[in-house]
Amino acid sequence: MAVRTSRRAAPAPRVGFVSLGCPKALVDSERILTELRSEGYEMSPSYAGADLVVVNTCGFIDAAVAESLDTIGEALAENGKVIVTGCLGARDDGAFVRAAHPKVLAVTGPHATEEVMRAVHAHLPIPHDPFVDLVPRAPGIGVKLTPAHYAYLKVSEGCNHRCTFCIIPSLRGDLASRPLGDVLGEAERLFRAGVRELLVVSQDTSAYGVDLRYRTGFWQGRPMKTRAAELARELAALARAHDAWVRLHYVYPYPHVDDIVPLMCEKSTDRGLLAYLDIPFQHASPRILRLMKRPAAPEKVLDRIRAWRASRPGIALRSTFIAGFPGETEAEFDELLLFLREAALDRVGCFAYSPVEGAAANALPDAVPDALREERRGRLMTLQEAISASRLAAKVGRIEDVLVDRVDDGMAIARSAADAPEIDGVVRLRNGSACEAGSFVRVVVTGSDAHDLEATPVSVREASPARDRRRARSPSLRNLR
């Protein structure tokens, strides 16, 4: 008689994960989590429940460095077994982190999935399971740390610019574009899984393909150049086919951006490539821009903004600026304020200059005192608040399509084509109890303030047919962006 034996699987090792930093780092975290899940590791939402913790760090400005070091220390105190990855890990080939926290198990730089997995295998090997290990992995979209209806699509790593205030190239390397077919294939899988909005990110999206000399790639059997304009055109077509949005971030103001604007949606109720550009101008004084090693022709930028608005009158323009850069005079700061008045940008962020360790700008003479940097930042944001309030007030009475992010106590919190998640404003629908997260809603704008809109639904469109899909999720300990 055959004897039946029972086999009890060993409990899967549990990994805690803390993701800090920008959307590019978030994508790195998603890739690591996807690999962990595919190999059978489970995710822990707490330090106490984890066998090991991975911390993905940010190392760009002093505040981010301090937060990353504090988080590593917290993880060591609460758990004891910590692997560090991300931009801060690249500082001095890991020596910077090890000097502060010598008990960490391993340190890697950014976009280092294989290195992180090797470290995890070394310190937390997963038990061999002959019944599972030979099963082929099914392709999919992997773990996502964003809500189900939007996702980030990273098209390249690194940057070829050498801006004097920035150390990103020393942390993430030179520009390395992903193959065109890989990017578009990932976009199509995400749309098919029910994503309603793709946010295209990189260090320099408009430089996509430069490092590859725009070599010919293939998509759906068709040859095409690996270039930003072609990528934007194909992403727009995919978004229209799936009733979705595509939004471009981190666009450097190269001349060929003028060729991308006509590919954008003409109306706020259209699907496809949104009439939205996130372009970090940083300043408007030609001398300061030269010191920053940035394009130094603000008058041409204003001409181009006028041309973009002539082509797409509803285009939303977002930018960031630095106040108090070394050597900035009061007159040069006034040039920046004048530029803001003339450009009338929709969304603006401003940082008081922070001397990042390793940045060339730290050696420049005539540093601006801390208090004056902050005072100038405050003045700039006060001016921008008035500009924003005026531009939003002009939208009252218009019909817009918005994407619902969540519904709280009968109020739907949504975003328009002009609003990227977490960095721009929102549209509040006070009678939005019938709305669903991930659905498009046609609204009439009824009110505004300096940052946000209020609106009333006109009609609710069904969320994606794939909205009930199963997307792998990580109970990340913390996901800061």
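Heads up: these notes are all about the structure in this document. Just so you know, these numbers come straight off a predicted model, no measurement behind them. (Residues numbered from 1 in each chain as written. Predicted model: local features only at pLDDT ≥ 70, side-chain atom pairs only at ≥ 80, totals over all residues. Heavy atoms only, no water.)

## Digging into the overall build of the protein chain
This is how the line gets drawn: Think of it this way: any DSSP run of H or I at least four residues long counts as a helix, any run of E at least two long counts as a strand, and we number them from the N terminus. The globule rule is 2.2 Å times the number of residues to the power 0.38, and the radius of gyration it is compared with is taken over C-alpha atoms. The buried label applies to any residue whose accessible area, calculated with a 1.4 Å probe on protein chains only, is under 20% of its type's maximum; exposed applies above 50%, and partly exposed to all values in between. The contact rule is simple, with two residues in contact once any of their heavy atoms fall within 4.5 Å. Residue exposure ignores everything except the shown protein chains as possible cover, and the areas themselves are Shrake-Rupley values with a 1.4 Å probe. As used throughout, the charge tally considers Lys and Arg to be positive and Asp and Glu to be negative, leaving His and the chain termini uncounted. A charged residue contributes its charge at one atom only: NZ of Lys, CZ of Arg, CG of Asp or CD of Glu.
Helix and strand counts for the protein chain stand at 12 helices and 21 strands. Here the C-alpha atoms of the protein chain give a radius of gyration of 24 Å, agreeing with the 23 Å that 2.2 N^0.38 yields for 481 residues. Buried positions account for 54% of the 481 residues belonging to the protein chain. The long-range share in the protein chain, meaning contacts at least 24 apart out of those at least 6 apart in sequence, stands at 75%. Per element, the accessible surface of the protein chain, about 20900 Å² overall, is 54% carbon and sulfur. Put simply, the protein chain has 63 plus and 62 minus side-chain charges, and the middle of one group is 4 Å from the middle of the other.

## Brief notes about the pairing of strand β3 (residues 52-57)
In the case of a regular strand, side chains alternate between the two sheet surfaces. Under the convention used in this document: When DSSP locates at least two bridges between a pair of strands, those strands are taken to pair. Look down the strands so they point away from you; if the path from the first strand over the helix to the second goes clockwise, the crossover is right-handed.
Among the 6 residues of β3, 6 are classified as buried, and the element is accordingly described as predominantly covered. Neither face of β3 is left uncovered, since the one carrying Leu52, Val54 and Asn56 and the one carrying Val53, Val55 and Thr57 both have all their residues buried. Two elements, strand β1 (residues 14-19) and β3, share 5 bridges in a ladder whose sense is parallel. Looking at β3, one finds that Val18 is bridged to Val55. The sheet contact formed by β3 and strand β4 (residues 82-86) spans 5 bridges and is parallel. Its bridge partner lying in β4, Val55 is registered against Val84. Read from β3 through helix α2 (residues 62-78) to β4, the crossover connection turns out right-handed.

## With respect to the sheet that holds strand β15 (residues 347-352)
What counts, and what does not: Between the N-to-C directions of two axes lies an angle of 0 to 180 degrees, each axis being a line fitted to C-alpha atoms and, for a helix, fitted only over the stretch in contact.
The 6 strands lie next to each other as β6-β9-β12-β13-β14-β15, forming an open sheet whose pairing is parallel. Looking at which strands have only one partner, the edges of the open sheet turn out to be β6 (150-154) and β15. Adjacent strand axes in the sheet meet at a mean angle of 20° when their direction is disregarded. One ladder, built from 3 bridges, connects strand β12 (residues 245-248) with strand β13 (residues 272-278); its direction is parallel. Bridge assignment links Trp245 to a residue of β13, and that residue is Gly272. Of the strands in this sheet, β6, β9 (197-201) and β12 are in contact with helix α6 (residues 180-192), which crosses β6 at around 175°.

## With respect to the environment of Ala437
Looking at where Ala437 falls in the secondary structure, it is placed in the loop between β18 (427-429) and β19 (440-448). Setting aside its immediate chain neighbours within four residues, Ala437 contacts His149, Val404, Asp405 and Arg406.

## Observations regarding the side chain of His161
Put simply, the rule is: Any pair of nitrogen or oxygen atoms within 3.5 Å is treated as a polar contact; in protein, a donor-acceptor pairing is required on top of that, and neighbouring residues in sequence qualify only through side-chain atoms on both sides.
Positionally, His161 belongs in the loop between β7 (156-157) and α5 (168-172). Only 3.0 Å separates the side chain of His161 from the side chain of Asp204, close enough to count as a polar contact. Polar contacts involving the side chain of His161 include one to the side chain of Tyr254, which spans 2.7 Å. Sequence-distant contacts of His161, that is, excluding residues within four places in its chain, are made with Pro169, Asp204, Tyr252 and Tyr254.

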